[in-house]
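Overview (structure and organization)
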Amino acid sequence: MLLVLYLENLQMSRPDSAELLAPIVPWFKAGARKLPWRALDLDVLHPDPYAVLVSEQMLQQTQVNTVIPYFQRWMNRYPELGSLAIASSEEIHKSWEGLGYYRRVRHLQAAAQQIAQHGWPTDLKGLLQLPGLGPYTAAAVASIAFQLPEPALDGNAYRVLARILGIVKDPKKESIELRTWLKPTLLAHGPSRVTQALMELGALVCGPNPKCSACPLATNCEAHRRGVVQSIPMRITRTKPTEVELWLLAIQVQNHWLVRPPAENGLLAGLWSWPTLALDTINDLAAEEPQPYGLVRWRAWPGWTQAYSHRREKVLPLALQVEVPFEPAGFIWVDQDSLKTLPMGRRDQQLLERLSTSPSDKTEAPPIAGLLRRLVAGS
Ligand code: SF4
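To start, this report covers the structure provided alongside it. Not measured: the values here are computed from a predicted model. Along each chain, residue indices are assigned from 1 in the same order as the chain's sequence is written. Where totals are concerned, whole chains, interfaces and linings use all residues; where local detail is concerned, this predicted model gives features only for residues with pLDDT of at least 70, and gives and counts side-chain atom pairs only at 80 or more. Side-chain numbers here rest on the full set of heavy atoms in the structure, without hydrogens or water.

Each helix is a run of DSSP H or I of at least 4 residues and each strand a run of E of at least 2, with the numbering of both proceeding from the N terminus. Summarising the element assignment, arginine 103 is placed in helix H8 (residues 103-118). Sequence spacing of arginine 103 and leucine 267 is 164 residues, and the spatial spacing of their C-alpha atoms is 6.8 Å.

Given below as structure tokens:
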């Protein structure tokens, strides 16, 4: 009861959303980007809900311009739900290679399998039961694919709403109220149109550096009126990512390479990887040998920083060719042809690409014996 009263008060104190947001309808009609997953007619059901599901999974954490070629290749490779549902884990991970956040592709396939078996859910509650669909993605699919009046709030939409309503605190803390406030707009102007128009405005006009002079909502925008656009929404202090420094090793014996098979669960599920060793574990340079394991040659390239959401890795890439085979626990040898077909994360793929390029001639000799000893010892 208290919550209802609070929501009623809140809505009474806020302007009518359908009226306030009405200018985005002609703006979106005139300037919407042509995206391969976007339907031409926004007043009817989307002709391919599967395309909407694929695009929404790809767009989580990834920019539109990066997603477009991946989406097109994906739809050629898996044109409908059924073809994705029966594809092998290795195939789908390989097709996703480069997009990162591989949990998304596993969720996408699990959702496709569920839909192939039971059909599409008919409401938001049902969509929320599909693997990998949280409140945002489920509402985006509901509104864009099925014209259900379920407001989908992503980072772009939250930013726009926070500014036009002058919400000073974190707008995500008001997600329930904002969805309730927004719903009449979807009913008045069309769920698919409003959902996409809000996201488009957040992406193209009301970004971190807003272009208020080009904004269709400028005359109605509270933050613009009060001159506090730059301080809304409030900045959330994020936890500093852990920093690590590691060797990334491509080790070759004759025509075979040492790699770690995919884990079943966790962040790296479905992905093959090269051996890695944290830099701080290699401290016995004094014990260096001239040709450990029959070392034939070593190649190194300039390092790079690989950023993940909670971790930053300073990567030192190194390729070693040895003559004496060994097999540390958890690794196997694969031949050159198989190596190219294995799905790998972006970091490991980068080393694979460097193997066919010239190494750096300015790199100091790496502690090869120490590295191999640690690897064989499993530390
Ligand atoms: S007027 Fe400026 S701050 Fe307000 S919604 Fe438009 S771009 Fe964003």
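Turning our attention to helix H3 (residues 24-31). Restricting attention to buried positions, one finds in H3 the residues Ile24, Trp27 and Phe28. Angularly, the buried residues of H3 cover 95° about the axis, an arc narrow enough to put them on a single face. What points out from H3, more than 90 degrees from its buried face, is the exposed set Pro26, Lys29 and Ala30. On its buried side, H3 packs onto helix H13 (191-204). Accessibility here uses a 1.4 Å probe with only protein chains present; expressed as a share of the type maximum, an area under 20% marks a residue as buried, one over 50% as exposed, and anything in between as partly exposed. Here the arc refers to the set of directions running from the helix axis out to each C-beta atom. A contact between two residues is defined here by any heavy atoms of the two lying within 4.5 Å.

Okay, the nonpolar core next. Within soluble globular proteins, side chains that are nonpolar generally end up buried alongside one another. Remark: nonpolar core denotes a set of buried residues (Ala, Val, Leu, Ile, Met, Phe, Trp, Tyr, Cys) joined through side-chain atoms within 4.5 Å. Met58 and Trp74 are the most contacted members of the largest nonpolar core, which totals 42 residues. Elements with a minimum of two residues in this core: helix H4 (49-59), helix H5 (64-77), helix H6 (81-85), helix H7 (89-96), H8 and helix H10 (135-146). At nine residues, H10 tops the list of elements feeding residues into this core. Setting aside residues no more than four positions away along its own chain, tryptophan 74 makes contact with Tyr50, Val54, Met58, Leu84, Ile92, Ser95, Trp96, Val105 and Leu108. Judged by nonpolar contacts, the second largest core, of 33 residues, contains Leu178, Val194, Cys215 and Cys221.

This part covers the packing of aromatic side chains. The criterion for an aromatic pair is that two Phe, Tyr or Trp rings (for Trp, the six-membered ring) have centres within 6.5 Å, with stacked assigned to planes under 30 degrees apart, edge-to-face to planes over 60 apart and tilted to the rest. All chains considered together, the criterion is met by seven aromatic pairs. Taking 4.5 Å as the distance between ring centres and 50° as the angle between the ring planes, the aromatic pair formed by tryptophan 74 and tyrosine 78 counts as tilted. Neither tryptophan 74 nor tyrosine 78 differs from the other in exposure class; each is buried. Ring geometry for tryptophan 257 against tryptophan 274: centres 6.1 Å apart, planes inclined by 70°, an arrangement best described as edge-to-face.

Every residue lining the ligand is accounted for by Arg163, Ile164, Val205, Cys206, Pro210, Cys212, Cys215, Ala218, Cys221, His224 and Val229. In this analysis the probe radius is 1.4 Å and the grid spacing 1 Å, with only protein atoms considered; a cavity is a set of points the probe fits into but cannot get out of, a pocket is an open set with protein on both sides within 12 Å along at least five of seven lines, and lining residues have an atom within 4 Å of a point. Just a note on the criterion: a molecule sits in a pocket or cavity if more than half of its atoms are within 2 Å of the grid points. Judged by the proximity of its atoms to the pocket grid, the ligand belongs to the largest cavity. Three residue categories are used. Nonpolar comprises Ala, Val, Leu, Ile, Met, Phe, Trp, Tyr, Cys and Pro, charged comprises Asp, Glu, Lys and Arg, and polar comprises the others, including Gly. Grouping the constituent residues of the shell around the ligand by class yields nine nonpolar, one polar and one charged. Proximity is defined per residue: if any heavy atom of the residue lies within 4 Å of a molecule or strand, that residue is considered near it.

Glancing now at the pattern of salt bridges. Side chains that differ in sign of charge can pair as their charged atoms come close. The rule for a salt bridge is simple: a side-chain nitrogen of Lys or Arg has to be within 4 Å of a carboxyl oxygen of Asp or Glu. Throughout the structure, instances matching the rule amount to 15 salt bridges. For glutamate 200, the salt bridge goes to arginine 38, with nearest N and O atoms at 3.1 Å. Taken together, the residues span a long stretch of sequence, with glutamate 200 in helix H13 and arginine 38 in the loop between H3 and H4 at a distance of 162 residues. For the pair glutamate 200 and arginine 38, a shared accessibility class is recorded, and that class is buried. Its salt-bridge partner being glutamate 222, residue arginine 226 comes within 3.4 Å of it at the nearest N-O pair. Linking arginine 226 with glutamate 222, this pair stays in helix H14 (residues 222-226), spanning four residues, or about one helical turn. Looking at arginine 226, the relative accessible area reads 39%, which means it is partly exposed. Here glutamate 222 falls in the partly exposed class, since its relative accessible area comes to 21%.

Time to look at the side chain of glutamate 313. Counting through the fold element by element, glutamate 313 comes out in strand E6 (residues 311-322). In the analysis that follows, any N or O atom pair within 3.5 Å is treated as a polar contact, provided that within protein one partner can donate a hydrogen and the other can accept it, and provided that, for residues neighboring in sequence, both atoms belong to side chains. At 2.9 Å, the side chain of glutamate 313 forms a polar contact with the side chain of arginine 311. Separated by 3.1 Å, the side chains of glutamate 313 and arginine 347 make a polar contact. Beyond its immediate chain neighbours, meaning those up to four positions away, glutamate 313 contacts Val244, Leu246, Trp304, Thr305, Gln306, Tyr308 and Arg347.

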